[in-house]
Amino acid sequence: MLTKDAFADRRQALEDEFFHRVDERLIAEMRTKAELETNRARLAAVTGISNPQLIDELLAAGANSESVAALSVVPLVLVAWADGKMDPEERQPILAAAHEKGITEGTPAAALLEHWLSNKPKKKLALTWKHYITDVITRMSDESLLTLRKDILDRAKAVADASGGVLGFVKTTIDERRVLSFLDEVLARDTPLPRTPK
């Protein structure tokens, strides 16, 4: 038979275990929240973006301070997947553009890009890129914007033309033209934001 002290000791041990588990959970939640805040701050510093909602969108899309460079090739990825598949011929100009943008093998940006090349991105990626680039171009001079727009559209057209089209004619499909139009409209500072392509 247990004595009052034994019951009290058992009760105290159960309470201590309960509160220990609660403390561990709270500490883990605080650590996760602190890591998220650190990631937000780092991404904001790298991109110059101060909009917290946009920073959260970028984080949700898989970007962080080390992989944000991959966002520079999102338009090319969108064009390549416009018809629902990634053709091997479309990968090469995307990888070349990524290399020119400083994305090298073994980096978080390269890993994120490889994921996008192997798995069709969700529509949310186009929306996130649109929000990202819209924020970026508001801080650009007209001359810089024209240069950026030409660079993105020329590279995107090269990806669209890479798969060859039908019998070597009509190299750009209707779906690819739709994405190219979307990119052109997003990069036009004075036009209302277009709807994200299907």
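Provided above is the structure to which this section pertains.
Residues numbered from 1 in each chain as written. Predicted model: local features only at pLDDT ≥ 70, side-chain atom pairs only at ≥ 80, totals over all residues. Heavy atoms only, no water.

Undergrad: Account for the overall build of the chain, with residues named and values stated.
TA: A count of helical and extended segments in the chain gives eight helices and zero strands. Listed N to C, the secondary structure of the chain is α-α-α-α-α-α-α-α in terms of helices and strands. Within the chain, the fraction of its 198 residues that count as buried is 33%. Restricting the contact set of the chain to residue pairs at least 6 apart, pairs at least 24 apart contribute 67%. By element, 56% of the accessible surface of the chain is carried by carbon and sulfur atoms, the whole surface being about 12200 Å². (Helix = DSSP H or I, 4+ residues; strand = E, 2+ residues; numbered from the N terminus. Buried < 20%, exposed > 50% of the residue type's maximum accessible area, 1.4 Å probe, protein only. Contact = heavy atoms within 4.5 Å. Areas by Shrake-Rupley, 256 points an atom, 1.4 Å probe, with all protein chains shown as cover.)

Undergrad: Outline the nonpolar core, listing residues and values.
TA: Ranked by internal contacts, the top residues of the largest apolar core, which has 50 residues, are I94, W116, W129, Y132, I133 and L183. At the level of elements, α2 (52-60), α3 (74-80), α4 (88-100), α5 (108-118), α6 (123-137), α7 (142-162) and α8 (174-186) are the ones that each hand at least two residues to this core. Once residues lying within four places of it in the same chain are set aside, the contact partners of W129 are L71, V74, P75, I152, F182, L183, V186 and L187. (Core = buried A, V, L, I, M, F, W, Y, C linked by side-chain atoms within 4.5 Å.)

Undergrad: Tell me about α2, and please be specific about residues and values.
TA: Taken together, the buried positions of α2 are occupied by L54, I55, E57, L58 and L59. Positive backbone phi, at 100°, marks G62, one or two positions downstream of α2.

Undergrad: So what's going on with the side chain of E176? Residues and values would help.
TA: Tracing the backbone shows E176 in helix α8. Within polar-contact distance, the side chain of E176 engages the backbone nitrogen of T173 at 2.9 Å. In contact with E176, other than residues within four places in its own chain, are V79, A82, E90, A160, S163 and K171. (Polar contact = N/O pair within 3.5 Å; in protein donor to acceptor, adjacent residues only side chain to side chain.)

Undergrad: How would you sum up the packing of α2 against α6? Please name residues and give values.
TA: Axis separation between α2 and α6 bottoms out at 10 Å; the angle between their running directions is 140°. Our classification of the angle between α2 and α6 gives oblique. Both α2 and α6 take part in a crossing whose hand is left-handed. Two secondary-structure elements touch here, α2 through L54, E57 and L58 and α6 through K124, L127, T128, H131, Y132 and D135. Of the residues contributing to the contact of α2 with α6, the split by class is four nonpolar, two polar and three charged. (Axes fitted to C-alpha atoms, helices over the stretch in contact; angles between N-to-C directions. Parallel < 35°, antiparallel > 145°, perpendicular 65-115°, else oblique. Left-handed = near helix turned anticlockwise from the far one by under 90°. Nonpolar A, V, L, I, M, F, W, Y, C, P; charged D, E, K, R; others polar.)

Undergrad: Provide a residue-level description of the packing of α4 against α7, including the pertinent values.
TA: Direction vectors running N to C along α4 and α7 enclose 155°, while the axes themselves pass 7 Å from each other. The orientation of α4 relative to α7 falls into the category roughly antiparallel. As α4 packs across α7, the resulting crossing turns out to be right-handed. When α4 is examined against α7, the residues E89, E90, P93, I94, A97 and E100 are found in contact with a partner set consisting of R155, V159 and A162.

Undergrad: How would you summarise the environment of S118 if you had to cite specific residues and measurements?
TA: Topologically, S118 is positioned in helix α5. Sequence separation between S118 and K85 is 33 residues; the distance between their C-alpha atoms is 9.5 Å.

Undergrad: Any chance you could break down α4 for me, citing the residues and the numbers?
TA: An ideal rise of 1.5 Å per residue puts 18 Å on 13 residues; α4 measures up with 19 Å between its terminal C-alpha atoms. Of all the residues in α4, the buried ones are E90, I94, A97 and A98. Each buried residue of α4 sits inside an arc of 100° when the element is viewed along its axis, so together they form one side. Every exposed residue of α4 that faces more than 90 degrees away from the buried side is listed here: P88, Q92, H99 and E100. Contacts made by the buried residues of α4 are with α3, α5, α7 and α8. (Expected span 1.5 Å × (residues − 1). Arc of directions from axis to C-beta.)

Undergrad: Tell me about the pattern of salt bridges, and please be specific about residues and values.
TA: Taken as a whole and assessed by the stated rule, the structure comprises 10 salt bridges. Of the charged contacts in the structure, one is a salt bridge between E37 and R40, with a shortest N-O distance of 2.4 Å. Residue E37 and its partner R40 are located together in helix α1 (residues 4-47), separated by three residues, close to a single helical turn. Here E37 falls in the partly exposed class, since its relative accessible area comes to 40%. Its salt-bridge partner being K150, residue D154 comes within 2.6 Å of it at the nearest N-O pair. Of this pair, D154 and K150 both sit in helix α7, four residues apart, which is roughly one turn of that helix. Overall, K150 belongs to the exposed group, its relative accessible area being 53%. (Salt bridge = Lys/Arg side-chain N within 4 Å of Asp/Glu carboxyl O.)

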